[in-house]
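# Report on the structure
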Amino acid sequence: RPPKVILDFHYQDGLLFIVVENIGSEPAYGVSVKFDKKIAGAGGERVISSLKLFQALAFLPPAKRIRVFVDSFESYVARGEPLVVRATIAYRDQENKSYSNRIKHDISAYQGITEA
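## Remarks on the sheet that holds strand β2 (residues 15-22)
- One open sheet accounts for three strands, arranged β1-β2-β7; its pairing is antiparallel. Two strands lie at the open edges of the sheet, namely β1 (5-12) and β7 (65-72), each paired on one side alone. Strand after strand, the sheet turns through a mean of 20 degrees between neighbouring axes, direction not considered.
- As paired strands, β1 and β2 are joined by eight bridges and run antiparallel to one another. The residue bridging Tyr 11 from the neighbouring strand is Leu 16, located in β2.

Shown next as structure tokens:
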């Protein structure tokens, strides 16, 4: 099975993370993620979507998962950050064959979650 790189928004204990993961069985090379909207985190000070990680990740082995903290979900929503985000993930396999996935996330689904 070739590499298969996905991007996900992960919600845990009121915190929001972006996850890049290779769910395939082969390594991915030259991984890049392009977001359709700017995503700011940590109080709006840091532009998460422009981190080097998303622009030029040279190697992502199979089953590797990289999780990036964005902000508390409450702060993210209060600042008016985008709740519907599209991302295009591009990468290559060992034979230099190119792949691309386009993923749409509606993270408003996390609104209203009450945690104990």
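## Quick look at the nonpolar core
- Leu 7, Ile 18, Phe 35, Ile 39 and Phe 54 are the most contacted members of the largest nonpolar core, which has 29 residues in total.
- For this core, the secondary structure elements donating two or more residues are β1, β2, β3 (28-35), β6 (57-60), β7, α2 (73-78), β8 (84-92) and β9 (98-106).
- Filtering out sequence-adjacent residues up to four positions away, Ile 39 remains in contact with Phe 9, Ile 18, Arg 46, Val 47, Ile 48, Ser 49, Val 70, Tyr 76, Glu 81, Pro 82 and Val 85.

## Some points on the side chain of Ser 72
- Relative to the assigned elements, Ser 72 resides in strand β7.
- Of the polar contacts made by the side chain of Ser 72, one reaches the side chain of Ser 75; its length is 2.9 Å.
- If near-sequence neighbours (up to four positions away) are discounted, Ser 72 is found in contact with Gly 14 and Leu 15.

## Comments concerning the pattern of salt bridges
- Counted under the stated rule, the structure contains five salt bridges.
- For Lys 37, the salt bridge goes to Asp 36, with nearest N and O atoms at 3.7 Å.
- For Lys 37, a relative accessible area of 34% puts it in the partly exposed group.
- A salt bridge links Arg 86 to Asp 36, with the nearest nitrogen and oxygen atoms 3.9 Å apart. Placement of the pair is Arg 86 in strand β8 and Asp 36 in the loop between β3 and β4 (40-41), with a sequence separation of 50 residues.
- If you follow the salt bridges from partner to partner, you end up with Asp 36, Lys 37 and Arg 86 in one network.

Rules behind the numbers
One numbering rule holds for all chains: residues counted from 1, following each sequence as written. Residues qualify for local features only when their pLDDT is at least 70, as the model is predicted, and side-chain atom pairs are given and counted only at 80 or more; totals for whole chains, interfaces and linings, by contrast, use all residues. Note that water and hydrogens are dropped before the side-chain values are worked out from all heavy atoms of the structure. Strands are labelled as partners when DSSP assigns at least two bridges between them. Put simply, DSSP H or I for four residues or longer makes a helix, DSSP E for two residues or longer makes a strand, and each gets a number counted from the N terminus. Axis definition: a line fitted to C-alpha atoms, limited for helices to the stretch in contact. Angles are taken between N-to-C directions and run from 0 to 180 degrees. Joining through side-chain atoms within 4.5 Å is the link that ties buried Ala, Val, Leu, Ile, Met, Phe, Trp, Tyr and Cys residues into a set, and such a set is a nonpolar core. Exposure classes here rest on a 1.4 Å probe applied to the protein chains alone. A residue is buried below 20% of its type maximum, exposed above 50%, and partly exposed in between. Between two residues, a contact is recorded if the distance between any of their heavy atoms is within 4.5 Å. Whenever two N or O atoms come within 3.5 Å, that pair is a polar contact, provided that in protein one can donate a hydrogen and the other can accept it, and provided that, for residues adjacent in sequence, both atoms are side-chain atoms. Here, a salt bridge means any Lys or Arg side-chain nitrogen found within 4 Å of an Asp or Glu carboxyl oxygen.

Just distances and angles here, no functional claims.
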